[in-house]
Amino acid sequence: MEQPWAVILAAGEGTRMQSAGPKVMHPLCGRPLLWHVLEAARVLTKKQVLVTGRGAALLKDYFGDGYTYVEQAERLGTGHALQQVLPQLPAGGDVLVLCGDTPLLDSEVLGALLADHRRQGAAATVLTAALGNPHGYGRVIRDERGRVQEIVEDRHLRAGQEKINEINTGCYCFAAQALHALLPRLPQNKVTGEYYLTDLLPLLKEAGHRVAAFLTVDAQSALGINDRAQLAVAAARMRERINRRLMLAGVTMLDPETTYLDVDVAVGRDTVLYPHCIFEGQTVVGENCVLGPGLHLVNTAVENDVTCRQGLVIDSSLGAGANIGPYVHIRPGSSIGAETRIGNFVEVKNSSIGKGSKVPHLSYIGDTQMEESVNMGAGSIVVNYDGRRKHLTQIEAGAFVGCNSNLIAPLKIGRGAFIAAGSTITRDVPPGALVVARPQEKVKKDLAKKFLKGRPKKQGEK
Ligand code: UD1
Ligand code: CA
């Protein structure tokens, strides 16, 4: 059978989000709400039409040319939104209509809806769910024989109908033919002045069409996001799915409840995640790593066998076998080589650290190309900024930089050079050289006593 078209209604004002931007662009586990809906729809449909309103340019920018965009200039309701697409829809076949704010409905549920719609030969099938708390949703009104009569919005419920817990998920399958025939005749709601898509069902019935409902067993996925409290609930459910998928693929999570991974994040098998890992964007983690607790990775590539404790790593890469942290800040543009050691309280920015190099304690490395097997002593600092401009530093293989040294950029430290602790280096160091650049130490014999005389005595001191 031919694949249906999909229409995604995404033009709503999203007033209840209290946001400057369009509702459907709010992120859920790293991707806009609408992205999740499109992912589910794409699997089953051959063409996807987006109805856009506020922020249309933003949507087009994000989703690109692969979709058809139709503007709903005035937001007059879900029925009005679908009316805008009508001229573009094919004469026959099926049309899957989805809301841009129900991101948990996956292709499995939609596929089941489509199959049921076809099996029943219906002109319209609405996807419904039974909720413990149906408040806020349109309710499905059935007659005494269980046939769908109509859908009544929460605000228009009549006495006794509040108790009905079967709700409209906002997701439907329509025969295109029936849409062409009856969608233009949708009535305007007398109270709100809007055109409700749900009001199409009684019209279809009156014209003798078959209207069906498909009750999904996965009621949790029906969640529609109108406000930020619902957004948080949806995010928790999406996280559960992501974590479950990864755990079943061989990732150990000590506490899935506090493991926050965006939907695009990949993690290799036998990697262990301690609590409070937050991996965002296009982060890819290899196999056999030990990460966290308290690790925040953003768009970061982590190779196999990496250990990285508490820290923040952004737009960078961590090489195989690296041993990092605790408490590191690795800023954009950094490439931490294989088998390196980046230690406690170290900040690295826009730098590459060569294979096997060590920056174990309390350092700042900025705008630096460091080759392999370099040792940076505790507290050594690259002085990359002179108050006006940033400068580059190059540290060649095997160099040894003593504790508490300042390397004032631009600078090149030659291969195998040795810089004595406490040195401030302002000129290039030739390969193999030893540099001591610190003030002469003065030792004054017996002066300490005199120096300390007159010091206030502590209690009990003679
Ligand atoms: C809608 C349904 C309700 C259902 C619920 C499921 C109607 C009248 N009500 O209510 O029965 O239980 O979804 O979550 O259909 N939109 C437009 N243009 C508009 C108005 C809305 O494109 O003029 C889009 C929105 O961007 C949104 C979707 O349609 O993605 C649903 O709109 P929303 O206002 O959220 O409807 P609900 O009140 O949630
Ligand atoms: Ca909604």
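This one's a predicted model, so the numbers in the text were calculated from it and none came from an experiment.

Chemist: How should I be thinking about empty space enclosed by the protein in this particular structure?
Modeler: In the structure shown here, the tally under the stated rule is 1 cavity of 30 Å³ or more. Approximately 30 Å³ is the volume attributed to the largest cavity. Elements that contribute at least two residues to the lining of the largest cavity include exactly helix H1 (33-44) and strand S6 (94-99). Its residues placed into classes, the lining of the largest cavity shows 6 nonpolar, 1 polar and no charged.

Chemist: Explain the coordination of the calcium ion (ligand 2) here, please?
Modeler: Six octahedral donors around a metal ideally subtend angles of 90 or 180 degrees, whereas four tetrahedral donors ideally subtend 109.5 degrees. For the calcium ion (ligand 2), the full set of protein donor atoms is Asp101 (OD) and Asn226 (OD1), and the range of their distances to it is 2.2 to 2.4 Å. Of this pair, aspartate 101 sits in the loop between S6 and helix H4 (107-120) while asparagine 226 is found in the loop between strand S11 (211-215) and helix H7 (228-248), placing the two residues 125 residues apart along the sequence. Just as aspartate 101 is buried, asparagine 226 falls in that class too.

Chemist: Is there a simple way to think about the layout of surface pockets in this case?
Modeler: If you roll a probe as big as a water molecule over the atoms, it shows you where there is empty space left. Approximately 1,100 Å³ is the volume found for the largest pocket. As for the largest pocket, its lining consists of 39 residues, of which Arg16, Thr78, Asp101, Glu153 and Asn226 are closest to the centre. Put simply, the parts of the chain that give the lining of the largest pocket at least two residues each are strand S1 (5-10), helix H3 (78-85) and strand S10 (166-175). At 4 residues, the largest contribution of residues to the lining of the largest pocket is made by S10. Taken together, the residues of the lining of the largest pocket sort by class into 13 nonpolar, 16 polar and 10 charged. Lining the second largest pocket are 16 residues, and of these His36, Asp106, Met238, Arg241 and Val263 lie nearest its centre. Within the residue set of the lining of the second largest pocket, elements represented by two or more residues are H1, H4 and H7. Top element by residues in the lining of the second largest pocket is H1. It accounts for 5 residues. Of the residues that make up the lining of the second largest pocket, three or more belong to each of domain 1 (5-222) and domain 2 (242-440).

Chemist: Just to check I follow, could you spell out the side chain of aspartate 116 for this structure?
Modeler: Within the fold, aspartate 116 resides in helix H4. A polar side-chain atom of aspartate 116 sits 2.9 Å from a polar atom in the side chain of arginine 119.

Chemist: What should I look at first to understand unusual backbone geometry in this one?
Modeler: For residues that are not glycine, phi is negative in most cases, and the peptide bond is trans in most cases. Residue proline 326 follows glycine 325 across a cis peptide bond; omega there is 5°. Structurally, the position occupied by proline 326 is in the loop between strand S24 (323-324) and strand S25 (328-330). The linkage connecting alanine 409 with the following residue, proline 410, adopts the cis geometry, with an omega of 0°. Relative to the assigned elements, proline 410 resides in the loop between strand S37 (406-408) and strand S38 (411-413). The backbone of asparagine 404 sits at a positive phi, close to 60°, despite the residue not being glycine. For asparagine 404, the position within the fold is in the loop between strand S36 (400-401) and S37.

Chemist: Would you explain the pattern of salt bridges in this entry?
Modeler: Two side chains with opposite charge may pair up if their charged atoms get near one another. Inspection of the entire model under this criterion finds 16 salt bridges. Residues arginine 54 and glutamate 13 are paired through a salt bridge, measuring 3.8 Å at the closest nitrogen-oxygen approach. Of this pair, arginine 54 sits in the loop between strand S4 (47-52) and helix H2 (56-63) while glutamate 13 sits in the loop between S1 and strand S2 (27-28), and the two are 41 residues apart along the sequence. The closest approach of N and O atoms between glutamate 150 and arginine 158, which form a salt bridge, is 2.6 Å. Here glutamate 150 falls in the partly exposed class, since its relative accessible area comes to 24%. For arginine 158, a relative accessible area of 43% corresponds to the partly exposed category. One salt-bridge network, held together by shared partners, links Glu13, Arg54 and Arg75.

Chemist: Just checking my understanding: could you explain the site of ligand 1 for this structure?
Modeler: Close to ligand 1 lie 24 residues, the nearest being Gly12, Gln72, Thr78, Glu153 and Asn168. More than half of the atoms belonging to ligand 1 lie within 2 Å of the grid points that define the largest pocket. Broken down by element, the residue count for the shell around ligand 1 peaks at 3 residues, all from S10. Here the shell around ligand 1 is built from residues that sort into 8 nonpolar, 11 polar and 5 charged.

Chemist: Mind showing me how you'd approach the nonpolar core here?
Modeler: Most often, soluble globular proteins keep nonpolar side chains buried together rather than apart. If you look at the biggest cluster of nonpolar residues, it comprises 93 residues, and the most contacted ones within it are Phe279, Leu291, Leu407 and Ile413. A per-element tally of this core places H1 first, with 8 residues. Looking at which domains feed residues into this core, each of domain 1 (5-222) and domain 2 (242-440) supplies at least three. The residues contacting leucine 407, other than those within four sequence positions of it, are Met376, Ile381, Val382, Val383, Ile395, Val401, Ile413, Ile419 and Ile425. Membership of the second largest hydrophobic core comes to 37 residues, among which are Val7, Leu9, Val49 and Tyr195.

Chemist: Please explain the domain arrangement of the protein chain as it appears in this structure.
Modeler: Reports often express the size of an interface as the amount of accessible area lost when the parts come together. Examined at the domain level, the protein chain breaks down into domain 1 (5-222) and domain 2 (242-440). Listed by partner, the interface residues are 5 residues for domain 1 and 6 residues for domain 2. Of the roughly 360 Å² buried where domain 1 meets domain 2, counting both sides, 57% is carbon and sulfur surface. Counting the surface domain 1 buries against domain 2, the share from its top three residues, Cys29, Arg31 and Trp35, is 80%.

Chemist: Can you help me understand the packing of H1 against H4 in this one?
Modeler: A pair of packed helices can be characterised by two numbers: the angle between their axes and the separation between those axes. H4 packs onto H1 with a crossing angle of 45° between their chain directions and a minimal axis gap of 9 Å. Between H1 and H4, the angle falls in the class oblique. As H1 runs across H4, the sense of the crossing is right-handed. Within the contact between the two elements, H1 uses Ala40, Ala41, Val43 and Leu44 and H4 uses Ser107, Leu110 and Gly111. A class-by-class count of the residues in the contact of H1 with H4 yields 5 nonpolar, 2 polar and no charged.

Analysis parameters
- Residues numbered from 1 in each chain as written.
- Chains lettered and ligands numbered in written order.
- Predicted model: local features only at pLDDT ≥ 70, side-chain atom pairs only at ≥ 80, totals over all residues.
- Heavy atoms only, no water.
- 1 Å grid on protein atoms, 1.4 Å probe; cavity = no way out; pocket = protein on both sides within 12 Å on 5 of 7 lines; lining within 4 Å.
- Points joined across faces, edges and corners; volume = space filled by probe spheres on them.
- Helix = DSSP H or I, 4+ residues; strand = E, 2+ residues; numbered from the N terminus.
- Nonpolar A, V, L, I, M, F, W, Y, C, P; charged D, E, K, R; others polar.
- Donors = N, O, S within 2.8 Å, 3.2 Å for Na, K, Ca; no water.
- Buried < 20%, exposed > 50% of the residue type's maximum accessible area, 1.4 Å probe, protein only.
- Domains from an automatic or database assignment.
- Polar contact = N/O pair within 3.5 Å; in protein donor to acceptor, adjacent residues only side chain to side chain.
- Salt bridge = Lys/Arg side-chain N within 4 Å of Asp/Glu carboxyl O.
- Near = heavy atom within 4 Å.
- Sits in = over half its atoms within 2 Å of the grid points.
- Core = buried A, V, L, I, M, F, W, Y, C linked by side-chain atoms within 4.5 Å.
- Contact = heavy atoms within 4.5 Å.
- Buried area = accessible area lost by both parts, 1.4 Å probe.
- Axes fitted to C-alpha atoms, helices over the stretch in contact; angles between N-to-C directions.
- Parallel < 35°, antiparallel > 145°, perpendicular 65-115°, else oblique.
- Left-handed = near helix turned anticlockwise from the far one by under 90°.

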